[in-house]
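A look at the structure
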Amino acid sequence: MQDAFRTALLLSMPQMQDPNFSRTVVLLCDYGPEGAFGLVLNRPTDVPATAMVRLDPPIVGGNDMPLWIGGPVEPQRGWILLNEEPASAEFKQIRDGLYLSTSQGLLRDVLQAHPAPRARVLAGYAGWGPGQLDDELAQSAWLMASVDLDIVFDTAPGDMWESAILRLGADPASLTTSHGVH
């Protein structure tokens, strides 16, 4: 798979024991021989990102966009996932309509915008070492799905996992909780 990497959504299977990934939808942003990088999309916090982000000078009068937990690795590291290509910041295009940046200037713009843009501010990420994600996929720990922008930005976090599985044509209630092919 690594040679033909295409961004995808990883949908955790019911047997996923790690509480960081139970019923998660992960945007797989990079996947190669050195490992994989993704962002959990359906773990919002109850705290506005403006209250958690430390910028100098501080943001005053920002929007109420929540901070999202992007994964358990480096929780102090921030990411901005946007629906529109940033005009004046460094970014990585994940696919059409999906851009990732760590720019502090862009972060300030996103958090001060009224109304809040179609974007996510995330803390941390999901990471896999060489071969680790391949092993988890072989153990049926994840389903892979196409990246639909409405799932990423418009679906309620509590509905995202089930909605993405339903789009695959599967019934979330009938997914097996054991390993192997069924």
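Being a predicted model, the structure only gives us computed values, none of them experimental.

**A few points about the overall build of the protein chain**
Assigned secondary structure in the protein chain consists of five helices and ten strands. Here the protein chain, with 182 residues, has 45% of them falling under the buried criterion. Taking the intrachain contacts of the protein chain between residues at least 6 apart in sequence as the baseline, contacts between residues at least 24 apart amount to 65%. Entry remark: accessible area of the protein chain is about 9300 Å², with carbon and sulfur atoms responsible for 50%. Side chains of the protein chain give 11 positive and 22 negative charges; the mean places of these two sets differ by 3 Å.

**Some words on unusual backbone geometry**
The omega torsion of the bond from aspartate 56 to proline 57 falls at 0°, within 30 degrees of zero and hence cis. The residue after histidine 114, namely proline 115, is reached through a cis peptide bond having omega -5°. Not every positive phi belongs to a glycine, and glutamate 74 is a case in point at roughly 45°. Despite not being glycine, serine 140 shows a phi value in the positive range, around 60°. With respect to the helices, strands and loops of the structure, serine 140 is situated in the loop between helix H3 (132-138) and strand E10 (142-145). Take serine 140: its relative accessible area is 22%, and that puts it in the partly exposed class.

**Quick notes on the packing of aromatic side chains**
For any two aromatic rings, the description comes down to two numbers: the centre-to-centre distance and the angle of the planes. Going through the model one piece at a time under the given rule, you end up with seven aromatic pairs. Where phenylalanine 37 meets tyrosine 125, the ring centres are 5.2 Å apart and the plane angle is 50°; that geometry is what we call tilted. Of the two residues, phenylalanine 37 is situated in strand E3 (residues 35-40) and tyrosine 125 in strand E9 (residues 119-128); the sequence distance between them amounts to 88 residues. By relative accessible area, tyrosine 125 is classed as buried at 14%. On the basis of an interplanar angle of 85° and a centroid distance of 6.0 Å, the ring pair of tryptophan 79 and tyrosine 125 is categorised as edge-to-face. Of this pair, tryptophan 79 sits in strand E6 (residues 73-82) while tyrosine 125 sits in strand E9, and the two are 46 residues apart along the sequence. You'll find tryptophan 79 and tyrosine 125 in the same group, each marked buried.

**Some thoughts on the pattern of salt bridges**
Following the criterion strictly, the structure yields three salt bridges and no others. Among the salt bridges present, the one from arginine 118 reaches aspartate 154, with a minimum N-O distance of 2.5 Å. You can see arginine 118 sitting in the loop between helix H2 (104-112) and E9 and its partner aspartate 154 sitting in the loop between helix H4 (149-153) and helix H5 (157-167), a full 36 residues away along the chain. Across the pair arginine 167 and aspartate 150 runs a salt bridge whose closest N-O atoms are separated by 2.4 Å. On the criterion of sequence distance, the pair formed by arginine 167 in helix H5 and aspartate 150 in helix H4 is long-range, its members being 17 residues apart. Of the residues examined, aspartate 150 reaches a relative accessible area of 32% and is grouped as partly exposed.

**Quick word on H5**
Of the positions making up H5, those classed as buried are Met160, Trp161, Ala164 and Ile165. What you see down the axis of H5 is that its buried residues fit within an arc of 115°, all on one side. Where the residues of H5 are buried, they touch strand E1 (8-12), strand E2 (25-32), E9, E10 and H4. Of the residues trailing H5, glycine 169 is marked for its positive phi of about 90°.

Thresholds applied
- Residues numbered from 1 in each chain as written.
- Predicted model: local features only at pLDDT ≥ 70, side-chain atom pairs only at ≥ 80, totals over all residues.
- Heavy atoms only, no water.
- Helix = DSSP H or I, 4+ residues; strand = E, 2+ residues; numbered from the N terminus.
- Buried < 20%, exposed > 50% of the residue type's maximum accessible area, 1.4 Å probe, protein only.
- Contact = heavy atoms within 4.5 Å.
- Areas by Shrake-Rupley, 256 points an atom, 1.4 Å probe, with all protein chains shown as cover.
- Lys, Arg positive; Asp, Glu negative; His and termini not counted.
- Charge placed at Lys NZ, Arg CZ, Asp CG, Glu CD.
- Phe/Tyr/Trp six-rings, centres within 6.5 Å; stacked < 30°, edge-to-face > 60°.
- Salt bridge = Lys/Arg side-chain N within 4 Å of Asp/Glu carboxyl O.
- Arc of directions from axis to C-beta.

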